[in-house]
Amino acid sequence: MELIQNAPDLSAYLAADEVIDHEHPLVRETAARLARSAEDSYGYARLAFEFVRDTIPHSQDSGDPRVTWRASDVLEQGTGICYAKAHALAALLRAEDIPTALCYQKFDVVHGLVAVRFNGAWHRQDPRGNKPGVDARFSLDGEQLAFVTDPEFNELDYPVLYAEPHPVVLRALKAAPDRSHLWQTLPTAL
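This text gives an overview of the structure that appears in the document. Please read these numbers as outputs of a predicted model, since none were measured by experiment.

With that out of the way, let us pick up helix 2 (residues 41-55). Between the first and last C-alpha of helix 2 there are 20 Å, a value that for 15 residues agrees with the 21 Å anticipated at 1.5 Å per step. Buried residues along helix 2 sit in contact with helix 1 (25-36), helix 4 (71-77), helix 5 (82-95), strand 3 (110-118) and strand 4 (121-125). With a side-chain oxygen lying 3.3 Å from the backbone nitrogen of Tyr42, the N-terminal cap of helix 2 falls on Asp40.

Assignment of secondary structure puts Val169 in helix 6 (residues 167-175). For Val169, a relative accessible area of 0% puts it in the buried group. A sequence separation of 18 residues divides Val169 from Pro187, and the C-alpha atoms of the two residues are 6.5 Å apart.

Let's shift gears to the packing of helix 2 against helix 5. With their axes 10 Å apart at the nearest point, helix 2 and helix 5 run at an angle of 150° to one another. Considering the angle they form, helix 2 stands roughly antiparallel to helix 5. For helix 2 against helix 5, the interelement crossing comes out right-handed. In this structure, helix 2 contributes Tyr44, Ala45, Ala48, Phe49, Phe51, Val52 and Arg53 to the contact, and helix 5 contributes Lys85, Ala88, Leu89, Leu92 and Leu93. Broken down by class, the residue content of the contact of helix 2 with helix 5 amounts to ten nonpolar, no polar and two charged.

Turning next to the pattern of salt bridges. Tallied over the full model, the rule gives eleven salt bridges. Here Asp64 and Arg66 are joined by a salt bridge, their closest N and O atoms 2.7 Å apart. By relative accessible area, which is 14% here, Asp64 ends up buried. Several salt bridges converge on common partners, so that one network encompasses Glu18, Arg70, Asp73 and Lys174.

So, on to the sheet that holds strand 2 (residues 100-106). What the four strands build is an open sheet, ordered 4-3-2-5; its pairing is antiparallel. Lying at the two open borders of the sheet, with one neighbouring strand each, are strand 4 and strand 5 (156-157). Across seven bridges, the pairing between strand 2 and strand 3 is antiparallel. If you follow Ala101 over to strand 3, its bridge partner there is Ala115.

Reading guide: rules and limits
- Residues numbered from 1 in each chain as written.
- Predicted model: local features only at pLDDT ≥ 70, side-chain atom pairs only at ≥ 80, totals over all residues.
- Heavy atoms only, no water.
- Helix = DSSP H or I, 4+ residues; strand = E, 2+ residues; numbered from the N terminus.
- Expected span 1.5 Å × (residues − 1).
- Contact = heavy atoms within 4.5 Å.
- Polar contact = N/O pair within 3.5 Å; in protein donor to acceptor, adjacent residues only side chain to side chain.
- Buried < 20%, exposed > 50% of the residue type's maximum accessible area, 1.4 Å probe, protein only.
- Axes fitted to C-alpha atoms, helices over the stretch in contact; angles between N-to-C directions.
- Parallel < 35°, antiparallel > 145°, perpendicular 65-115°, else oblique.
- Left-handed = near helix turned anticlockwise from the far one by under 90°.
- Nonpolar A, V, L, I, M, F, W, Y, C, P; charged D, E, K, R; others polar.
- Salt bridge = Lys/Arg side-chain N within 4 Å of Asp/Glu carboxyl O.
- Pairing = 2+ DSSP bridges.

Right, here's the structure in full:
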């Protein structure tokens, strides 16, 4: 699948905004702590991915009712669904000048992940969090995502790489008072 940038200028994939708030002190502090253990930008990207995947539980898996959407809130509260965890990872990567896009898959509902740019190409990564039957890993040598789409079941990988969260996703997150409500209003398509 050919991944398509929705913003032609690569600098859009380094920008901070209301959601990917990588200028927030908590994001900066977390990024700096992770960077101290990394040998290079690839090592940092892997560490940031593993940090978000492994230390921030997916709220569905943990039963946490809180809904987070801003990267700094995900880090502060230590919870989030796939979209929120993707926002946190994007902020940590952008904080260290690694171009990062948001991207999506469609199953029964839309699933969120990121793509990082290394060696002149985009590579999708899924920080959702592992559990029995889910084994996502950071890789530039072939995707190791949490879920693989099956066109036979009308599942698909959206090819567009977004510099900002898709408005449908962000609207659902912001409107949800809790995860139970969010589960009833998750987007089913973009």
